[in-house]
There are 2 protein chains.
Amino acid sequence: MAESRFNNPYFWPPPPAVPGRAMAEPRTPSTDGTLDEFAAPTHVEEVREQMAAFAGHHASAGRRVVLITSGGTKVPLESRTVRFLDNFSSGRRGASSAEYFIESGYAVIFLHRHRSLYPYNSMFSSMNMLEALKFRSAEDASSDAAEVVVDQQVFPNITKVLKKYQEVKENRLLLPVEFNTLSDYLHLLKASAQALSTIGSMAMFYLAAAVSDFYIPASEMPEHKIQSSNGPLQLSLNMVPKILSPLVKDWAPQAFVISFKLETDPHILLEKARRALDTYRHQVVVANVLDSRRGYVVVVTPETQTELILTDEDEKNEVEIEDRIVSNLTSAHKKFISQQNC
Amino acid sequence: MAESRFNNPYFWPPPPAVPGRAMAEPRTPSTDGTLDEFAAPTHVEEVREQMAAFAGHHASAGRRVVLITSGGTKVPLESRTVRFLDNFSSGRRGASSAEYFIESGYAVIFLHRHRSLYPYNSMFSSMNMLEALKFRSAEDASSDAAEVVVDQQVFPNITKVLKKYQEVKENRLLLPVEFNTLSDYLHLLKASAQALSTIGSMAMFYLAAAVSDFYIPASEMPEHKIQSSNGPLQLSLNMVPKILSPLVKDWAPQAFVISFKLETDPHILLEKARRALDTYRHQVVVANVLDSRRGYVVVVTPETQTELILTDEDEKNEVEIEDRIVSNLTSAHKKFISQQNC
């Protein structure tokens, strides 16, 4: 058992073989969902109540509710954190999907990493805003009561997007919740699952966040900034408990649950997606490869496997793959609800 | 020598004592400045030329030039990067300092992490932009040719800031250069130092970026996403060569150089600042502690030690500590130039 770590190409760099020295057993992550090892954010109860009220309100009006997770998680290396591990994710998929879910009649709880992309805001994301603003008139520039307007040559869609955003806000279709660290994420996801359990199969979980698989427990974390003055750094990271397991089994057993699987190696992708469905018994895995994720995904269910592909024509027309993903999943969710009610 | 690693509280977690097994020697970082182990960004030559032209232009007009580095560096754990190490830094100090340097008559090369804070843009930083925009009139909202204006209740300074920004742009006082990874940063800093060496003591280096002390060499990096299916993760990180050494000695020996020292433990801060000055023989270390960095820094030179503190009164008046830091350093730079010319 312990020996297998020496043959694992991903256990890296491989530890030197030391004759007669037994390696420590890998710590298996607990899956009971207590999250005792992770500090809860102080506002978790308050957020749980907000989410429950939001879900109840919309479900009673016959509206389905999706919890979207989006962005990467931060894993501190010191308790007074200067350094941290992060996961690549701008939050583009989550933010864009939120817009399509709202378009499809859903109410959205948007559980996202602080400063990751936000629905209807992606046009601003890598923009120096001052390049998109101008004085309304030349006289304005020299007056103190100058009006500053958006340059519609820079943002040709600003009118449409602002209208849409204001409509969504007026109808309270979007509830934003922020996380920063892995600990925040785990506790807030648990709270959201408990909040959404009251609406049964009307709830969808769309778990698009890039969540760390590894972390350093608070008890093993140094308080202060790690010093570089004494040589190279060795880090030992524990495995993060798979929260999908209690979510599906205990917290929201009637919900429609979608997880995401991102790999860089296409050869192992589908097998890993299938294994996740076997292990966690949820409804869908959306499988994608880092380099092609904007134009190609596979929607995997226990019975089916559907490729969604953007053609050159689609890309010319600025079709986003999230439009296709959301369309596929909202249909599947509808079917799921009607089957539950039989 | 190797034994000392067992007693180092920062070599963490401490490796188990294995009788008779010698630990590997710490790899000492090369300081010759070749950067062979780090992949250069493809546009480094082009950027070097831009920076040299920018510096030459301003110096010949009698204007001093400061190279500001800002934001944290990204250290990939895989060559097709899903995971990375990062350093805490929003880039606030660098961006704000750039504004004060321009105010003081400097031209600024702003070498910053992609998406970190940008001069004159900090008000937008944790803002949902759509909350700060509105239709110019109620009729506008329903028209296709609607004008969208900035809500000056949200951004009361927008007129002043936009004017300032446009002025700075017109006078070409700010040259932005972006980095993302540690490798980008190292190569671009080297290029900037070479570019600025032509203007001698008119150049200041204000190295405020939070640069990783550790990295994984390309040769030891796995290609694909590290798998979590086979147990905990052990990482071995090399030390990043101290680039300050060749910068001061070889690349820009006549420049006025300021490095930053950020610690979480105030007890070791000043000793570390002094040790840095002894080691690298540059002019100034700005020393600060994570928790109090917005209100307290110590400017350390070989001869002096000056505390800069914001009072409650200052904070009420929204004074920024960068104003004080820049004022201290521009005076010192002036004196430095006149001494060089004696």
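Residues numbered from 1 in each chain as written. Chains lettered and ligands numbered in written order. Predicted model: local features only at pLDDT ≥ 70, side-chain atom pairs only at ≥ 80, totals over all residues. Heavy atoms only, no water.

Our working rule: UniProt positions are given in the numbering used here, feature names are shortened, and annotations may be inferred rather than shown by experiment.
The name that an unreviewed UniProt entry assigns to chain A is Phosphopantothenate--cysteine ligase, with the source organism given as Takifugu flavidus. The Sequence similarities (unreviewed entry) comment attached to chain A in UniProt states, word for word, "Belongs to the PPC synthetase family."

**A few points about the interface of chain A and chain B**
Under the convention used in this document: By definition in these notes, contact holds between two residues if any of their heavy atoms fall within 4.5 Å. Values labelled buried area give the accessible surface lost by two parts on being combined, using a 1.4 Å probe and summing over both. By convention in these notes, a salt bridge is any Lys or Arg side-chain nitrogen within 4 Å of a carboxyl oxygen on Asp or Glu. Think of a polar contact as two N or O atoms within 3.5 Å of one another; within protein, one of them needs to be a possible hydrogen donor and the other a possible acceptor, and neighboring residues in sequence only count if both atoms come from side chains. Going along the chain from the N terminus, every DSSP run of H or I of four or more residues is numbered as a helix, and every run of E of two or more is numbered as a strand. Note on residue classes: Ala, Val, Leu, Ile, Met, Phe, Trp, Tyr, Cys and Pro are nonpolar, Asp, Glu, Lys and Arg are charged, and everything else, Gly too, is polar. When DSSP locates at least two bridges between a pair of strands, those strands are taken to pair.
Listed as interface residues are 86 residues of chain A and, on the opposing side, 87 residues of chain B. Here chain A packs against chain B, burying approximately 8,600 Å² in sum over the two surfaces, 57% of which is carbon and sulfur. Taken together, chain A and chain B are joined by eight salt bridges. Taken together, the connections running from chain A to chain B amount to 39 residue pairs in polar contact (both at pLDDT 80 or more). When residues in the side of chain A that touches chain B are grouped by element, the largest group, eight residues, is from helix α5 (residues 158–170) of chain A. A per-class count over the side of chain A that touches chain B returns 41 nonpolar, 23 polar and 22 charged. Looking at chain direction, strand β3 (residues 83–87) of chain A and strand β3 (residues 83–87) of chain B are connected through five bridges and run antiparallel. Paired with Arg83 of chain A across the bridge in β3 of chain B is Asn87 of chain B.

**A look at the sheet that holds strand β14 (residues 305–309) of chain B**
Residues and elements named next belong to chain B. How we decide: The convention used is that axes are lines fitted to C-alpha atoms, helices contributing only their stretch in contact, and that angles between N-to-C directions extend from 0 to 180 degrees.
Read across the open sheet, the eight strands follow the order β7-β4-β1-β8-β11-β12-β13-β14; overall the sheet is mixed. This sheet does not close on itself; its edge strands, each paired only once, are β7 (174–179) and β14. Direction aside, the axes of adjacent strands within the sheet are offset by 15° on average. For strand β1 (residues 65–70) and strand β8 (residues 203–207), the ladder comprises five bridges, and the chain directions are parallel. Bridged to Val65 within β8 is Ala203. Sheet contacts for helix α6 (residues 182–196): β1, β4 (107–113), β7 and β8; angle to β1, the most-contacted strand, approximately 175°.

**Side note on the relation of the copies chain A and chain B**
Rules: Copies overlap after least-squares fitting; the atoms used are the C-alpha atoms of residues with pLDDT of at least 70 in both.
Taken as rigid bodies, chain A and chain B are interconverted by a rotation of 180° and an axial shift of 0.0 Å, the fit giving an RMSD of 0.0 Å. The two molecules are tied by a two-fold rotation axis, judged by turn and shift. A shared interface surface links the copies, since 100% of the contact residues of chain A are contact residues in chain B too.

**Observations regarding the nonpolar core**
For soluble globular proteins, nonpolar side chains are generally found buried alongside one another. Inclusion rule: Only buried residues count toward a nonpolar core, which is a set of Ala, Val, Leu, Ile, Met, Phe, Trp, Tyr and Cys residues joined through side-chain atoms within 4.5 Å. Note on classification: 1.4 Å probe, protein chains only; a residue is buried when its accessible area is under 20% of the maximum for its type, exposed when over 50%, partly exposed between these limits.
Grouped together as the largest cluster of nonpolar side chains are 126 residues, with contacts concentrated most on Ile109, Leu196 and Phe205 of chain A together with Ile109, Leu196 and Phe205 of chain B. With residues up to four places along the chain from it excluded, the contact list for Ile109 of chain B reads Met51, Phe54, Val65, Val66, Leu67, Ile68, Leu175, Val177 and Leu196 of chain B. Membership of the second largest hydrophobic core comes to 94 residues, among which are Leu133, Val284 and Leu329 of chain A together with Ile158 of chain B.

**Section: the side chain of Thr81 of chain A**
Counting through the fold element by element, Thr81 of chain A comes out in the loop between β2 (75–76) and β3. A distance of 2.8 Å separates a polar atom in the side chain of Thr81 of chain A from the backbone oxygen of Glu78 of chain A. Sequence-distant contacts of Thr81 of chain A, that is, excluding residues within four places in its chain, are made with Pro76 of chain A together with Phe88 and Leu290 of chain B.

**Section: the pairing of β8 of chain B**
All names here are of chain B. Among the five residues in β8, five count as buried, and that is most of the element. Neither face of β8 is exposed, since Ala203, Phe205 and Leu207 on one face and Met204 and Tyr206 on the opposite face are all buried. Pairing geometry for β8 and strand β11 (residues 256–263), over four bridges, is parallel. Looking at β11, one finds that Leu207 is bridged to Ser259.

**Some thoughts on unusual backbone geometry**
Although it is not a glycine, Glu318 of chain A adopts a positive phi angle of roughly 55°. By secondary structure assignment, the location of Glu318 of chain A is in the loop between α9 (312–316) and α10 (321–340). Judged by its relative accessible area of 68%, Glu318 of chain A falls in the exposed class. Even without glycine at this site, Arg172 of chain B takes up a positive phi of about 50°. Structurally, Arg172 of chain B can be placed in the loop between α5 (158–170) and β7.

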